[in-house]
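In case you want the letters, here they are:
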Amino acid sequence: MKKRIISFALAIVTVALVLFSSASCGSVRTLNVYNWGQYISDGADDSLDVNKAFEEWYLKTYNEKIKVNYTTFASCEDMYAKLKSGAVSYDVVVPSDYMIQQMISEDMLEKLDFNNIPNYVYIADEFKDSESSINKYDPNHEYSVPYTYGMVGVIYNTEKVPTDQSSWSLLWDPDYSGQILNFNNPRDAFGTAMYKLGIDVNTTSAEEWQKALDSLKNQKQYVQSYVMDEIFNKMKSGSAAIAPYYAGDFFTMYADNDKLAFYYPTEGTNIFIDAMCIPKGSANKDLAEAYINFMLSEEPAVANAEYICYASPNTQVRDNEEYKEYLAELHPDAYDILYTRASEVKTSSYAKLDSDTQALMNSLWEELKVESSVGGGVFLFCAILVVVLAAVITVLVIRKKKRSGYDDLYDDDKDEEDDKKKKKNKK
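Okay, so let's go over this structure. All values derive from a computational prediction rather than experimental measurement.

### Some points on the pairing of strand S6 (residues 223-227)
Then, number 1: S6 sits mainly inside the fold: four of its five residues count as buried.
Then, number 2: Note: strand S5 (residues 180-183) against S6, four bridges, orientation parallel. Bridge pairing in S6 places Asn 182 opposite Tyr 226.

### Description of the sheet that holds strand S1 (residues 29-36)
Then, number 1: Strands sit in the order S2-S1-S3 across an open sheet of three strands; the sheet is parallel. With one partner strand each, in any of the chains shown, strand S2 (66-73) and strand S3 (92-93) form the two edges of the open sheet.
Then, number 2: For S1 and S3, the ladder comprises two bridges, and the chain directions are parallel. In the strand pairing of S3, Val 33 is matched with Val 92.

### Observations concerning the packing of helix H2 (residues 50-62) against helix H9 (residues 285-295)
Then, number 1: The interhelical angle for the contact between H2 and H9, taken along N-to-C directions, is 115°, at an axis separation of 11 Å. Considering the relative orientation of H2 and H9, their crossing is right-handed. Of the residues in H9, those touching H2 at Val 50, Asn 51, Ala 53, Phe 54, Trp 57 and Tyr 58 are Asp 286, Leu 287, Ala 290, Tyr 291, Phe 294 and Met 295.
Then, number 2: Here the residues of the contact of H2 with H9 are counted per class, giving 10 nonpolar, one polar and one charged.

### As for unusual backbone geometry
Then, number 1: Positive phi, close to 65°, is recorded for Asp 46, a residue that is not glycine.
Then, number 2: Residue Asp 107 is not a glycine yet carries a positive backbone phi of 55°.
Then, number 3: For Asp 107, the position within the fold is in the loop between helix H4 (97-105) and strand S4 (145-157).

### Some points on the packing of aromatic side chains
Then, number 1: One pass over the full model with this rule turns up 32 aromatic pairs.
Then, number 2: Considering the side-chain rings of Tyr 34 and Phe 73, the 5.0 Å spacing of their centres and the 75° angle between planes classify their relative orientation as edge-to-face. One end of the pair, Tyr 34, is in strand S1; the other, Phe 73, is in strand S2, with 39 residues separating them in the sequence.
Then, number 3: Overall, the relative accessible area of 4% leaves Phe 73 in the buried class.
Then, number 4: Each residue in the set Tyr 39, Tyr 147, Phe 183, Phe 232, Tyr 245, Tyr 246, Phe 272 and Tyr 310 is aromatic and connected to the rest through ring pairs, giving one cluster.
Then, number 5: The residue whose ring lies beneath Lys 196 is Trp 172, and the NZ or CZ to ring-centre distance is 4.9 Å.
Then, number 6: Stacked on the ring of Tyr 335, the Lys or Arg Lys 324 has its end atom at 5.5 Å from the ring centre.

### Details of a negative patch on the surface
Then, number 1: On the surface, Glu 298, Glu 299, Asp 319, Glu 322, Glu 325 and Glu 329 cluster together into a negatively charged patch.
Then, number 2: At the level of secondary structure, the elements contributing two or more residues to the negative patch comprise helix H10 (298-308) and helix H12 (321-330).
Then, number 3: At three residues, H12 tops the list of elements feeding residues into the negative patch.
Then, number 4: Mapping Glu 329 onto the fold places it in helix H12.
Then, number 5: The exposure class of Glu 329 is exposed, given its relative accessible area of 69%.

### Details of the environment of Gly 153
Then, number 1: Counting through the fold element by element, Gly 153 comes out in strand S4.
Then, number 2: Among the residues examined, Gly 153 registers a relative accessible area of 0% and is labelled buried.
Then, number 3: Between the C-alpha atom of Gly 153 and that of Gly 268, which follows or precedes it by 115 residues, the distance is 9.3 Å.

Analysis parameters
As a convention, each chain's residues are numbered from 1 in the sequence order in which they are written. A pLDDT threshold of at least 70 governs which residues receive local features in this predicted model, and a stricter bar of 80 or more applies before side-chain atom pairs are shown or counted, although totals over entire chains, interfaces and linings include all residues. For side-chain calculations, the full set of non-hydrogen atoms in the structure is used, while hydrogens and water are omitted. With a 1.4 Å probe rolled over the protein chains alone, any residue whose accessible area is under 20% of its type maximum counts as buried; one over 50% counts as exposed, and the rest are partly exposed. The way it works is that DSSP assigns letters per residue, a run of H or I at least four long becomes a helix, a run of E at least two long becomes a strand, and they are numbered from the N terminus. At least two bridges found by DSSP between two strands is the condition for calling them paired. All axes are obtained by fitting lines to C-alpha atoms, using only the stretch in contact for helices, and the reported angles, taken between N-to-C directions, cover 0 to 180 degrees. Each crossing gets its hand from how the near helix is turned against the far one by less than a right angle, where anticlockwise is left-handed and clockwise is right-handed. Any two residues whose heavy atoms approach within 4.5 Å are treated as being in contact. Three residue categories are used. Nonpolar comprises Ala, Val, Leu, Ile, Met, Phe, Trp, Tyr, Cys and Pro, charged comprises Asp, Glu, Lys and Arg, and polar comprises the others, including Gly. Within 6.5 Å between ring centres, the rings of Phe, Tyr and Trp (the latter by its six-membered ring) count as paired, and their orientation is classed by plane angle as stacked under 30 degrees, edge-to-face over 60, tilted in between. Only when the NZ of Lys or the CZ of Arg is both within 6 Å of the ring centre and within 35 degrees of the ring normal is a charge said to sit over the ring. Here, patches come from residues exposed beyond 30% relative accessible area and free of salt bridges, joined within 9 Å for like charges and within 5 Å for nonpolar side chains (Val, Leu, Ile, Met, Phe, Trp, Tyr). Calculation of accessible area relied on Shrake-Rupley with a 1.4 Å probe; when residues are assessed, cover is drawn exclusively from the protein chains displayed. Salt bridge, as used here, is a side-chain nitrogen of Lys or Arg placed within 4 Å of a carboxyl oxygen of Asp or Glu. Positive charges come from Lys and Arg alone, negative charges from Asp and Glu alone, with His and the N- and C-terminal ends not counted. Where a charge sits is defined by one atom per residue type, namely NZ (Lys), CZ (Arg), CG (Asp) or CD (Glu).

In structure tokens form, the structure reads like this:
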């Protein structure tokens, strides 16, 4: 009887422990973060695992266990479509400037309580200046906190191209035909032509968009291919010599090919900002604001800047001596490229295009890609292939005719022999 009582008591304790454990697990809040791929320090190569560090910091600071559910997107458009569908719910997202502007206009973002984000004081003043050309997407600074930023420049191989370069015109130089790359997305590709021509990249003029298209059509005869991620292998291997791309990514390519150099075109270039926002309806707004504030603290901010290699809007990062040493190891002029030289360049950022202009751009891009989807090299290959096929067909026809001639000759001989046999039999 005692054994049964003890067994029963143990069973009750076990059930209680299971229920308590389940309840405890169920009480753990989850912060859903949606960011670009490869866009946060994740613990690789002895770097700081920022999300894990936030979980530990939050538990220590607020005595609450939380979990960061971190997922990534490939483009702002993918992120926007997912949020717009209502099928998913995120607490923190990191869109680019033009997409933030669109999401604000469609009431898709929460206003931030900056009392919960005191580290916002470390964001450099130029990102808070409403008159600055940098921030036109969130002019009243209510919905976003800058995470990182970058600028587009031109990367070139100094073994093939002279080092005194300064203009977008290099991408149109016939001397480098077949060695030039351009962006494989309409906004950036048209941007290269517009900056070269002195056209506002946010223009709504159909005539100016047509001028940019004409310029790209003129360029396409020299373009090896339109690329995005493929640029890394092409520039590192030396299979291409010239390409427009983002300054931060230049350092990744330079690490594998120290013959590469970089400059910002004097005509002006694009500057982009990716910023942290909270989507409308977030179930954990207080936790999201704590996460944003944590990302602005020095250690995670430096870790992220080192991992991403783009410029940081955080003054604690810019002034950090270890960070400066890290950049010097990447490239002797890395800090100058990201910050000092960048501050002297004429820049503008992409704004949200109205629906008509967006449709026009997409239509012109399709027109360009249809005409350039098979370049001169491919046409040459096709021409050679046609000639080879024609030769093969000709040979086959000749052989067939010869064979037919042999068969006819053989048939004639056979008929003559049959006739002789018939005559012999008649005799």
